[in-house]
Structures are given as structure tokens and as C-alpha cells.
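# A structural walkthrough
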Amino acid sequence: MRTRTYATLAATVTAAAATALTLTPVAAAAPHAAVRPSPSTSDFNGDGYADLAVGVPEGTVDGKARAGYVNVLWGGKRGVGAHGGIRVTQANPEVPGTPEKGDRFGAAVVLEDLSGDGIAELLVGAPGEDITGRGTDAGVVTVVGGARSGTRPGANVTTGPAASAAYGLSVAAADLTGDGGRDIVVGGKDKVVLRTADGLAATVVTAPMGGRAPALATGDFTGDGAADLAVGYWTNDPFTQSHVRIWAWEAVDEALGNVWNTDNAGISALAAGDFDGDGHDDLLLGECREIADENIDDPCGPQEYAYGGGLHVHYGTGSDGSFGFRRQTLNQDTVGVPGRAESGDRFGAALAVTDANGDGRDDVLVGAPGEAIGTRAAAGATTLVFGTEDGLVDAFGEGHAVAYNQGTPRVPGAAEAGDAFGAAVASGDYDHDGKQDLVVGAPGENAGSGALWAFPRAVADGSYALTPARLGLPAPTSALAYGTTLSSR
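Residues numbered from 1 in each chain as written. Predicted model: local features only at pLDDT ≥ 70, side-chain atom pairs only at ≥ 80, totals over all residues. Heavy atoms only, no water.

Looking at an unreviewed UniProt entry, one finds the chain named Integrin-like protein, with Streptomyces apricus as its source organism.

### Side note on the overall build of the chain
Rule in force here: For the purposes of this entry, the term helix denotes a DSSP run of H or I that reaches at least four residues, the term strand denotes a run of E that reaches at least two, and both are numbered from the N terminus. As defined in this context, the radius of gyration uses C-alpha atoms, and a globule is described by 2.2 Å times the residue total to the power 0.38. Note on exposure labels: buried denotes an accessible area under 20% of the residue type's maximum, exposed denotes more than 50%, and partly exposed covers the range between, all computed with a 1.4 Å probe on protein chains only. A contact between two residues is defined here by any heavy atoms of the two lying within 4.5 Å. Under the convention used here, a 1.4 Å probe and the Shrake-Rupley method define accessible areas, while residue burial counts only the protein chains that appear. A residue counts as positive if it is Lys or Arg and as negative if it is Asp or Glu; His and the chain ends are not included. Every charge is mapped to an atom, namely NZ of Lys, CZ of Arg, CG of Asp or CD of Glu.
When its secondary structure is counted, the chain shows two helices and 30 strands. Taken over C-alpha atoms, the radius of gyration comes to 21 Å for the chain, in line with the 23 Å a tight globule of 489 residues would show. When the backbone C-alpha atoms are referred to their principal axes, the chain occupies close to 60 × 55 × 45 Å. By residue count, 58% of the 489 residues in the chain fall in the buried class. Intrachain contacts of the chain at a sequence separation of at least 6 include 55% that bridge at least 24 residues. Counting every atom, the chain has about 17900 Å² of accessible surface; 50% of that belongs to carbon and sulfur. Distance from the positive charge centre (31 side chains) to the negative charge centre (61 side chains) of the chain: 8 Å.

### Here's the deal with the sheet that holds strand β12 (residues 201-206)
Put simply, the test is: Any two strands with at least two DSSP bridges between them are considered paired. The axes are straight lines fitted to the C-alpha atoms, using for helices just the contacting stretch, and the angles between their N-to-C directions are given from 0 to 180°.
If you trace the four strands from one edge of the open sheet to the other, you get β9-β10-β11-β12, paired in antiparallel fashion. Every interior strand has two partners, whereas the edge strands, β9 (170-174) and β12, have only one. When the angles between neighbouring strand axes are averaged without regard to direction, this sheet yields 20°.

### A closer look at the pattern of salt bridges
Using the following cut-off: Whenever Lys or Arg places a side-chain nitrogen within 4 Å of a carboxyl oxygen from Asp or Glu, that contact is recorded as a salt bridge.
Scanning the entire structure with this criterion turns up 11 salt bridges. A salt bridge links Glu112 to Arg182; the shortest N-O distance between them is 3.2 Å. Here Arg182 lies in the loop between β9 and β10 (183-188) and Glu112 lies in strand β5 (residues 108-112), a separation of 70 residues in the sequence. Across the pair Asp433 and Arg457 runs a salt bridge, and its minimum N-O distance is 2.8 Å. Of the two residues, Asp433 sits in the loop between β26 (424-428) and β27 (437-442) while Arg457 sits in the loop between β28 (451-455) and β29 (464-466), which places them 24 residues apart along the sequence. You can call Asp433 partly exposed: its relative accessible area is 29%. When its relative accessible area of 47% is taken as the criterion, Arg457 is described as partly exposed.

### Here we look at the sheet that holds strand β14 (residues 228-235)
Strands pair in a sheet through their backbones, by hydrogen bonds, and they do so in one of two ways: parallel or antiparallel. Ordered by their spatial adjacency, four strands build an open sheet running β13-β14-β15-β16, and the pairing between neighbours is antiparallel. The sheet is open, and its two edges are formed by β13 (215-219) and β16 (255-263), each paired on a single side. Taking each pair of neighbouring strands and ignoring which way they run, the sheet shows an average axis angle of 25°. Across seven bridges, β14 lies against strand β15 (residues 241-250) in antiparallel orientation. Paired with Thr235 across the bridge in β15 is Gln241.

### Some remarks on empty space enclosed by the protein
Threshold: The rule is simple: put a 1 Å grid over the protein atoms alone, call a set of points where a 1.4 Å probe fits but cannot get out a cavity, call an open set with protein on both sides within 12 Å along at least five of seven lines a pocket, and count a residue as lining if it has an atom within 4 Å of a point. Grid points are joined across faces, edges and corners, and a volume is the space filled by probe spheres set on the points. Here the nonpolar group is Ala, Val, Leu, Ile, Met, Phe, Trp, Tyr, Cys and Pro; Asp, Glu, Lys and Arg are the charged ones; every other residue, Gly included, is treated as polar.
Enumeration according to the criterion identifies one cavity of 30 Å³ or more in this entry. Looking at the largest cavity, its volume works out to about 40 Å³. Lining the largest cavity we find Gly79, Val80, Tyr430, Asp431, Asp437, Leu438, Ala454, Phe455, Pro456 and Tyr464. Elements represented by at least two residues in the lining of the largest cavity include exactly β27 and β28. Here the lining of the largest cavity is built from residues that sort into seven nonpolar, one polar and two charged.

### Regarding the nonpolar core
Heads up, the rule is: Note on terminology: a nonpolar core comprises buried Ala, Val, Leu, Ile, Met, Phe, Trp, Tyr and Cys residues joined through side-chain atoms within 4.5 Å.
Counting 22 residues, the largest nonpolar core has Leu52, Val54, Leu73, Val80, Val439, Leu452 and Tyr482 as its most contacted members. Contributions of two or more residues to this core are made by β2 (52-56), β3 (69-73), β26, β28 and β29. Among the elements that make up this core, the one with the highest residue count is β2 (three residues). Counting 19 residues, the second largest nonpolar core, distinct from the first, contains Tyr404, Val440, Ala451 and Trp453.

### A closer look at the confidence of the model for the chain
The criterion, for reference: For every residue, the predictor states its confidence as a pLDDT score lying anywhere from 0 to 100.
Summarising the model, the chain shows a mean pLDDT of 89, and 90% of its residues fall at 70 or more. Overall, residues 1-39 carries pLDDT values under 50, and its contacts beyond four positions in sequence, including any with other chains, amount to 90 contacts.

### Points about the environment of Ala248
Within the secondary structure layout, Ala248 lies in strand β15. In this structure, the C-alpha to C-alpha distance between Ala248 and Thr222, residues 26 residues apart in sequence, is 7.6 Å. With residues near it in sequence (within four places) discarded, Ala248 still touches Thr222, Asp228, Ala255, Leu256, Gly257 and Val259.

### Comments concerning the pairing of β14
Moving residue by residue along a regular strand, the side chains alternate between the two faces of the sheet. Taken across its eight residues, β14 has eight buried, putting it largely inside the fold. Here β14 shows two buried faces, one formed by Asp228, Ala230, Gly232 and Trp234 and the other by Leu229, Val231, Tyr233 and Thr235. Both β13 and β14 contribute to a ladder of five bridges, which runs antiparallel. The partner of Ala217 across the bridge, within β14, is Ala230.

### Considering the state of the cysteines
For clarity, the threshold we go by: Disulfide assignment relies on a single distance test, namely cysteine sulfur atoms paired within 2.5 Å.
Under the defined criterion, the tally for this structure stands at one disulfide. Each sulfur of the disulfide joining Cys288 and Cys300 lies 1.9 Å from the other. Between Cys288 and Cys300, the S-S dihedral sits near -70°, and the bridge is therefore left-handed. One end of the pair, Cys288, is in strand β19 (residues 282-290); the other, Cys300, is in the loop between β19 and β20 (310-314), with 12 residues separating them in the sequence. Here Cys288 falls in the buried class, since its relative accessible area comes to 0%.

Here you go:
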């Protein structure tokens, strides 16, 4: 039996924590919690409130263009973004490396309590990182520990083995081995690798992925009590191929084994949730379309529902081996789903699973950054689709949903061409009132400076915008594309 040592990242992180180092504050506020609610898995500063990490890979650091950084926004009783935050960069002494042009630190971000101490760690991908002896754009994934005063010292989880490996295009964390620790999955260019909590490193899959970030999601799809890994990727080079695959941990081999596949389905996002409330995790394919165009197996359901981007759900049924046989498909032409399916809407390009109405069934916030609002092309929109006892589509073939955009009453701002509202989405109970809140990124806002929109209690009433200028970020008028990347927890 191997002895688990990755959980001692706390030792890697806390060995120097006695001299906790402080990061640059953003819109700093006085400590805001006298009464501390129970911690959340995304609580980076240990105050009991869920926090939000915003990756800004296009940000300039120390004069280095696109060196990138992460803006961690504190949750609190007044909501996310109202209590300040910090900027995490490779210029901070507790973060390994140095800012360099094109590093794109923050291209992928995850907040997850890896060490089990109630305070989240921050996982950051920097696919443009140059590694000495390995070449340019080898990439790196870094973990930084959270703390009340800012951060604890961090460490590099894994680095790309060669030039252009681009490790850090995507990142995920979950207990894949079933032993209580948190394992880390890293997506690079044409590759996905695993780093278990006790330090085992292994390749999950190597295949042409078209230079795109492989989509990652974790959930218990096999019904054995441990998380499994879903990966989606596609390419047209050297020939058209597209796959969504699930890997599950095989204890005898001490490795992830491929247990389920669906081919010819090109997707932009994956998410796991229990959308019918039956206690089994389901797999949601976002912006699902048939890449191979063979018109044989309809991997994304009826083709008319893939127009403009569709959602395709494979439902879980426990450990009897029948995962995914029950399926549903919907898009903006589904009865009960606001809007109309149009080419280029990109409905499903971003997904965030949440139980917005508190009924015990998961709902999903769906980004459609290409949605036209009136004549304003690619202004973008989001749709909150509610789960029912039958799933995301009820027994009558209808969806139940509400849509938000910058033209929705009581939502601040104005829909403008190219805003890309919905390019990234997230959810969490950031004010700890027992209701889920929503966050939407619009990286094209204000000529590419970007912004976030927060929806407390998942409704338009009380929604507010968070711009780089409001948050005190440097060079707020530059093309930061703020809101491109949000933490998945």
C-alpha cells in the first residue's frame, strides 16, 4: 500500500507558512466576519465564505505582456467582490517562477481544499511557461495555499515535458483514487495527465486535440463512490475525430482505466450533476455537435437540437454498467427554453452546475457568448435550466428555464456587440445565506477590458457588475479580457 503524501502539500505549503507572505490587495476592506459560517471548499482566506478565482491570462505583470495573473475575489455577507480580494502573480515571492511575456498564468483556475484543512488551495495553469531544458510553452500548473493574510507558499504540481506541451490549458481536482485525497488532472496540448495525491504521475490520454484545451469534468459516473474523470476533445487534423470519454480508477493496476466512450461528439464544455435527483451523477455535454458529420449515431441527439449549440445529457444509473443509456437533448428551440436557436449562438460553451431553487435537483447555468441581442452580434446571454424529476427535459419534452443578458430588466449595463456575456460562468453561495449565487463573465465588455456580473440568489433583482476599474486592477482600460476564466468551484 502506498503512503499518501500529497496531502502534505500542506507541509510543502505550510513549511514556510510561519512567515506567511502578503499579496497585493485589491479594493481592500476591513475583516468582515465576526461570526464565521462553516467553511466552503472554495474558501481561500479561511473566513467561512466561498470565494471566486478569476483567471486573467491576458494581464500584464511587471511590464510583461500576457504574463497573466489570478484575481481572487472574497465572498462575504455583501456578496462576492464587495469585500475586496487579492492578485496572485508569479511576481509574488510565495509563487514559484517569474512573470514572463506570454506565460498566460491564469489560463485555468480551480479552488479546491486539497489538504483537508478547511482552507482552499488555488490551482493555476500557465500553458505559456517556458521551462529550462524543456523549451518554450512547455507549461506548468502551480498550487498556492490560501490563508487569512493572503497566501501560503506554493509549489509547482507538474511541468510540461517538452516545448509546446502547454500543460495548464485546463485543470481539475477530485478524489479519483477513492482514498480521501484530492488528485489533480492537467490538460495540455494533445495530452491529459494525472498527479495523484501521493505523487504518482501518469498519462491518461495522448491524442490529437486540435490545439484546444481538453474539457475536463469529475463525478461518480460509475456509482462506486469514487469520482471518475470525463474528458472531451476533438480535432480536424490530420483527420476529423472527436471523443468524450470516462476514466475510472482501477485499484489493482493503480491507474485510471477507460470505461465509457461516445464518439463523433464535439463539445466545448463538460459538467457533472444530478439533474433528475435520483442520487446518480449525470454527464452534461455543452455546445454538443456532430463533428464527423456521418449522420449515423447522432452522438448529440437529434441534429435539429444541435443548431446554435445544444445540451446533451447522459444519465447515470448506478453501478450496473448502464451509464449513459438514458439521454436527453435540448437547445433554445426546446419548449420552455427562452430565445431562439441561431447559428453561432454557442449555447453551452460554458456550464456551471448549481441547485438554484433548492429542490435537491441540480440545475445548470448555460453560457451562450455568441448570442445576438437584437442587432448586437455576440452580445451574449446565459440561461438557467432547472432540473426536474425527469431531468433537464420534463416528461412532456419541455424545458424549464430563465434567461439573463444585459438587456434583461434590472440587469445593469447594456448589451453591445462583442461583449461575449456568458463566455464563462460560475456559482456558489458567496454571501452564505443558503441560496446559490451566479457569476457571469463578459470578456468583451468595454472594448475587451471585460467584466463580471453577479446574480445573488440566482435572480436579476440585486444583480451588479464588477469591472476591473471597480476592483482596482491595473490598466483597467487595456484588453484584459477579464471574465474569460472562472474557477470551477
